[in-house]
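# Inside the fold
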Amino acid sequence: MRKKVLVPLLLIMILISCGIFYWYYLAPPATFPDQEEIKAILSGPNNRVGIAEIQDTIFLDDKHVYIPFITKEEDHGISFWEWKKHEWQLSSFSTGSMPQIWKMDSDDPSSYYIIWNFHPENNLEYLTFFLIKERGFSVTEGKHHYDPGIQMDYRAEAGKKSYGYTSIPSEWQNYMAAENKLMEERKPNGLFADFFPPAQYYFGWQATSADGSTEYPSYPNLNGFGSGGSSTEHLRFLNDNDIFIR
Amino acid sequence: MNAPEVVLNLLAWGAVFILARRIYTKQESKPIIWKLVIVILVGLFSFSINLPYMDQQIKLAILPLGVWILYGIYSRKNEGISWDQYRKYAWLGFFANFIFLAVSLINPLIHCAIFPGNEISTYLSNSNKGKIIQTHPSADHKKLDRDSLLIQMDSIKEEPVFSEKWYYETFESGIERSKAEERFPYQLARTKAKWGSGIDPMIFVEQDGKGLLISTGQKQLYFRAEKTFLKKGE
């Protein structure tokens, strides 16, 4: 008698959990909310961004959406939306001039996007993005290790629109994939081994305006703010002093 | 894939299987087979210390934690008869730690014999798809000269890595950190190490195109050739 109840019960439990798994992780994304709903979420009590205009809705793939916007103070901002747990969620947003990198899948550099939105008054001609690692060396127990300095750059035209995005060049991807793999292997596994993580690469940016200046594009001079998840990262602004120029 | 390691580990598991079978055939009251498999696996569980050995860590098992746990479970069951049945398998599990220790002691020696650590061909066996990526702007655009690399393969020699010297050399003229030229401004990408070595190296190329700096997870090596294996790029 007990067995007769137990087996169907177990089957139902398995079916329900499969259903939940499908619903939250596998089901195709629903239609993206319209601009009014987006506005409402961004200006809502949690985020408090006074939105004047939603500039565009850009699908980077079918589960990741980039929305540039303008605030009532004429500040230009960016926001990232993600289809997660059967819901379109705001995963990160910020205002102010800093470009950001969005790592949709942190293990896969080909899913990384650099995203920006500058006020048109800055008259930008093009942006230059950098992948940088400082030169370094170490000698431990007689073992020498030299880390070559890395500086790779990539230029993106600013275009007519204030906002834009670009994926990571394939040469960066090649380098990052090799470097990540090496870091993974260098992690010793053991209780008694000290491990100081070696220096990592980082991303930087520069903006060049129509008159050739590479000053920080500061118009309008407002303080940016935002809230971000772990999958986004600000790029470091670089002066001409910070980089090697031929 | 590290082929020698895979083969040796299979042999080690084979040895454990043979020993378990020998115990089983000699036993009068037979235990349940799926339970004895679990007992061996739990018996493996031990407190161990890690010791450095030939660029890797080896595990020396000290306390048989798994055996103690199994003793706790089985000693009171059936007035000790269960423990009599499973005791030998629990200790076999602990003993297996030393079989695997032997494997990790032998493995680097075999690996060295098949894939000599001081030969470039170990790290660079397939350069057909090789591509030069410029990783620092202090150098000119260059392409890989495959023929030059292939011809010189046997004559490329290992030399010591002078990490400290290379690091400070670039600053000798008193220039700023960011303005210094890089000694290794190219990456050689998309090549493969010898099949079965399990090595996944990262390779940098020296500015003059004659030196290769190879990093693996464990160490770094420097190789030097007579002639350059870079040619003018677009």
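Scroll up to find the structure this text is about.
The model shown is predicted, which means the values in this text are computed figures rather than measured ones.

Before going further, it helps to examine the side chain of Asn 107 of chain B. Residue and element names in this part refer to chain B. Relative to the helices and strands, Asn 107 is located in helix H4 (residues 81-114). Given the relative accessible area of 7%, Asn 107 is considered buried. Setting aside residues up to four positions removed in sequence, Asn 107 forms contacts with Pro 4, Glu 5 and Leu 8.

Residues and elements named next belong to chain A. Spatially, four strands are ordered S11-S8-S13-S16 in an open sheet, and the strand pairing comes out mixed. Because the sheet does not close on itself, it has two edges, and the strands there are strand S11 (150-157) and strand S16 (236-237). Two elements, strand S13 (residues 202-209) and S16, share two bridges in a ladder whose sense is parallel. Directly across from Gly 204, in S16, lies its bridge partner Arg 236. On the sheet, helix H3 (residues 170-186) packs against strand S8 (124-133), S11 and S13 and is oriented at approximately 25° with respect to S8.

With that settled, the discussion passes to the packing of aromatic side chains. Enumeration over the complete set of coordinates arrives at 32 aromatic pairs over all chains. Ring geometry for Tyr 167 of chain B and Tyr 168 of chain B: centres 5.0 Å apart, planes at 90°, overall edge-to-face. Take Tyr 168 of chain B: its relative accessible area is 46%, and that puts it in the partly exposed class. The cationic tip of Arg 155 of chain A hangs over the ring face of Tyr 126 of chain A; the distance from NZ or CZ to the ring centre is 3.6 Å.

Here we come to the pattern of salt bridges. Here the idea is simple: oppositely charged side chains can pair when their charged atoms come close. Residues and elements named next belong to chain B. For the structure shown, the criterion picks out 11 salt bridges over all chains. For Arg 87, the salt bridge identified is with Asp 84, shortest N-O distance 3.6 Å. Of this pair, Arg 87 and Asp 84 are both found in helix H4, three residues apart, which corresponds to roughly one turn of the helix. The exposure class assigned to Arg 87 is partly exposed, which follows from its relative accessible area of 32%. You can call Asp 84 exposed: its relative accessible area is 52%.

The terminal C-alpha atoms of H4 of chain B, which comprises 34 residues, lie 50 Å apart, in line with the 50 Å expected from a rise of 1.5 Å per residue. Residue Arg 87 of chain B marks the point of greatest curvature in H4 of chain B, where the axis turns by about 40°.

As a further point, take the nonpolar core. With 36 residues, the main nonpolar core has Phe 129, Trp 172, Tyr 175 and Met 176 of chain A as its most contacted residues. Residues Val 16, Ile 40, Leu 92 and Val 103 of chain B belong to the second largest nonpolar core, which totals 23 residues.

Residues and elements named next belong to chain B. In the contact formed by helix H1 (residues 3-26) and H4, the axes pass within 9 Å of each other and the chain directions differ by 155°. Of the possible angle classes, the one that applies to H1 and H4 is roughly antiparallel. Considering the relative orientation of H1 and H4, their crossing is right-handed. Contact with H1, carried on its side by Pro 4, Glu 5, Leu 8, Asn 9, Ala 12, Trp 13, Val 16, Leu 19, Ala 20, Ile 23 and Tyr 24, involves Lys 88, Tyr 89, Leu 92, Phe 95, Ala 96, Ile 99, Phe 100, Val 103, Asn 107, Ile 110, His 111 and Ile 114 of H4 and no other residues of that element.

Residue and element names in this part refer to chain B. The first and last C-alpha atoms of helix H2 (residues 33-44) sit 17 Å apart over 12 residues, in line with the 16 Å expected at 1.5 Å per residue. Where H2 is concerned, the buried positions are Leu 36, Val 39, Ile 40, Gly 43 and Leu 44. Here the buried residues of H2 occupy an arc of 145° about the axis, which is enough to place them on one side. Close packing links the buried residues of H2 with H1, helix H3 (65-74) and H4.

The strands making up a sheet associate through backbone hydrogen bonding, with each pair oriented either parallel or antiparallel. Residues and elements named next belong to chain A. The strand order across the open sheet formed by four strands is S12-S7-S6-S15, and the pairing between neighbours is antiparallel. The strands lining the two open edges of the sheet, one partner per strand, are strand S12 (163-167) and strand S15 (232-234). Here the strands of the sheet are splayed against their neighbours by 25° on average, with no regard to which way each runs. As defined by bridge partners, strand S7 (residues 112-117) adjoins S12 across five bridges and the pair is classed as antiparallel. Its bridge partner lying in S12, Ile 114 is registered against Thr 166.

Moving on to the environment of Gly 196 of chain B. Residues and elements named next belong to chain B. Counting through the fold element by element, Gly 196 comes out in the loop between strand S6 (186-189) and strand S7 (202-205). Since its relative accessible area comes to 5%, Gly 196 is described here as buried. Taking the C-alpha atoms as reference, Gly 196 lies 26 Å from Ile 133; in sequence the two are 63 residues apart. With residues near it in sequence (within four places) discarded, Gly 196 still touches Met 1, Asn 2, Ala 3, Pro 4 and Phe 115.

A few words now on the packing of H1 of chain B against H2 of chain B. Packed helices, taken two at a time, are described by their axes: the angle between them and the distance between them. Residues and elements named next belong to chain B. Orientation of H1 relative to H2, taken along the N-to-C sense of each, is 130°, at an axis distance of 12 Å. With respect to each other, H1 and H2 are oriented oblique. The way H1 lies across H2 gives a crossing that is right-handed. In contact with Trp 13, Val 16, Ala 20 and Tyr 24 of H1, H2 contributes Ile 33, Leu 36, Ile 40, Leu 41 and Leu 44.

Residues and elements named next belong to chain B. Within the secondary structure layout, Asn 97 lies in helix H4. Within the structure, the side chain of Asn 97 is placed 2.9 Å from the backbone oxygen of Leu 44, a separation counted as a polar contact. The residues touching Asn 97, leaving out its near neighbours within four places in the chain, are Leu 44, Ser 46 and Ala 61.

So, on to the interface of chain B and chain A. The interface of chain B with chain A comprises 43 residues on the first partner and 35 residues on the second. Interface of chain B and chain A: buried area, both sides summed, is about 3,400 Å²; carbon and sulfur atoms make up 53% of it. Our count for the chain B to chain A interface comes out at 13 residue pairs in polar contact (both at pLDDT 80 or more). For the side of chain B that touches chain A, the secondary-structure elements that each account for two or more residues are strand S1 (47-53), strand S3 (131-134), helix H7 (163-169), S6, S7 and strand S8 (211-215) of chain B. Of the residues forming the side of chain B that touches chain A, the biggest block, five residues, is contributed by H7 of chain B.

Residues and elements named next belong to chain A. Across five bridges, strand S9 (residues 136-140) lies against strand S10 (residues 143-147) in antiparallel orientation. By the bridge assignment for S10, Thr 140 is matched with Lys 143. Between the antiparallel neighbours S9 and S10 lie two residues, among them Glu 141 with a positive phi of about 50°.

Rules behind the numbers
- Residues numbered from 1 in each chain as written.
- Chains lettered and ligands numbered in written order.
- Predicted model: local features only at pLDDT ≥ 70, side-chain atom pairs only at ≥ 80, totals over all residues.
- Heavy atoms only, no water.
- Helix = DSSP H or I, 4+ residues; strand = E, 2+ residues; numbered from the N terminus.
- Buried < 20%, exposed > 50% of the residue type's maximum accessible area, 1.4 Å probe, protein only.
- Contact = heavy atoms within 4.5 Å.
- Pairing = 2+ DSSP bridges.
- Axes fitted to C-alpha atoms, helices over the stretch in contact; angles between N-to-C directions.
- Phe/Tyr/Trp six-rings, centres within 6.5 Å; stacked < 30°, edge-to-face > 60°.
- Lys NZ or Arg CZ within 6 Å of the ring centre and 35° of its normal.
- Salt bridge = Lys/Arg side-chain N within 4 Å of Asp/Glu carboxyl O.
- Expected span 1.5 Å × (residues − 1).
- Bend = angle between axes of the 7 residues up to and from the residue.
- Core = buried A, V, L, I, M, F, W, Y, C linked by side-chain atoms within 4.5 Å.
- Parallel < 35°, antiparallel > 145°, perpendicular 65-115°, else oblique.
- Left-handed = near helix turned anticlockwise from the far one by under 90°.
- Arc of directions from axis to C-beta.
- Polar contact = N/O pair within 3.5 Å; in protein donor to acceptor, adjacent residues only side chain to side chain.
- Buried area = accessible area lost by both parts, 1.4 Å probe.

No statement about biological role is implied by the geometric values presented.
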